[in-house]
Amino acid sequence: MAEQRLTTNQEVQAYFGSKVVGIIESLGKRPMAWDEQVDAQAPKSVVIQWWRRDRPDVLKTAAQGGHDLVISPADELYFDYHQGEGEPGAPWEGNKGGPQSIAKILGWEPVPESFTPEESARVLGIEACVWTEFIATERYLQFMTFPRLLALAEVAWRPKGPRDDKEFEERLAPHIEALRAKGINARRGEWDAYEFITN
């Protein structure tokens, strides 16, 4: 900090970020960073992955600043969070909107209504995260990921607008059975969670 005459942690983060961006770009690659880098004045070449649902201002700032975006809000698309009341899941503070059920995922629109057409065009896509600090086995990982991953695909690839939960559930049922037939532990309902409840 003394050498670079930096006085705050934010200045240190910005300095470190710019150095890493330089390395990545020197290798002919495009850097991507979590949304905290917006506050650290990340260059426009950096793709911003927005995860902090309670910071829509950061998403808007990134879009207005010319950043391309990947949308992955913690309380919609963190698949380590529980899927239903009383089910197991990570205890992180980011899940403020209740269980991350398929209905919740289907009810979410990735591109905010407030975005202009130019800002909307900067949204490259969406991504779900599955942090594994509390996922001890592959079987549990599969339970947490499937079939929510199929709901993610539904939101990502279908046109914007209301989705019919019942119609989706009907289309989903044979896919769950096909996954299970292949040995993938896809969640069918809350009863499947009992295997992973430890307290």
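Residues numbered from 1 in each chain as written. Predicted model: local features only at pLDDT ≥ 70, side-chain atom pairs only at ≥ 80, totals over all residues. Heavy atoms only, no water.

Give me the lowdown on the overall build of the protein chain, citing residues and values where you can.
When helices and strands are tallied, the protein chain shows 9 helices and 4 strands. In sequence order, the protein chain lays out its α and β elements as α-β-α-β-α-β-α-α-α-β-α-α-α. Its C-alpha atoms give the protein chain principal-axis dimensions of roughly 60 × 40 × 30 Å. The buried share among the 199 residues of the protein chain stands at 42%. When contacts within the protein chain are restricted to residue pairs at least 6 apart in sequence, long-range pairs at least 24 apart make up 53% of them. (Helix = DSSP H or I, 4+ residues; strand = E, 2+ residues; numbered from the N terminus. Buried < 20%, exposed > 50% of the residue type's maximum accessible area, 1.4 Å probe, protein only. Contact = heavy atoms within 4.5 Å.)

Report on the nonpolar core, specifying residues and quantitative values.
If you look at the biggest cluster of nonpolar residues, it comprises 31 residues, and the most contacted ones within it are L69, I71, L77 and I126. Elements represented by at least two residues in this core include exactly β2 (47-50), α3 (56-64), β3 (69-71), α5 (102-106), β4 (123-126), α8 (148-157) and α9 (165-181). If we ignore the near neighbours within four places in the chain, the residues touching I126 are V70, I71, L77, W108, P110, L152, V155 and A156. (Core = buried A, V, L, I, M, F, W, Y, C linked by side-chain atoms within 4.5 Å.)

So what's going on with the pattern of salt bridges? Residues and values would help.
Under the counting rule described, the total for this entry stands at 17 salt bridges. R30 serves as the salt-bridge partner of D68, at 2.9 Å between the closest nitrogen and oxygen. Here the residue D68 occupies a position in the loop between α3 and β3, and R30 occupies one in the loop between α1 (9-26) and β1 (32-34), the gap between them amounting to 38 residues. Of the residues examined, D68 reaches a relative accessible area of 18% and is grouped as buried. With its nearest N and O atoms 2.5 Å apart, the salt bridge here joins E87 to R187. Here the residue E87 occupies a position in the loop between α4 (74-77) and α5, and R187 occupies one in the segment after α9, the gap between them amounting to 100 residues. What makes R187 buried here is its relative accessible area of 17%. (Salt bridge = Lys/Arg side-chain N within 4 Å of Asp/Glu carboxyl O.)

Summarise the side chain of E76; cite the residues concerned and give the values.
Locating E76 in the fold gives a position in helix α4. Sequence-distant contacts of E76, defined by excluding residues within four places in its chain, comprise R53, Q100, K104, I105 and W108.

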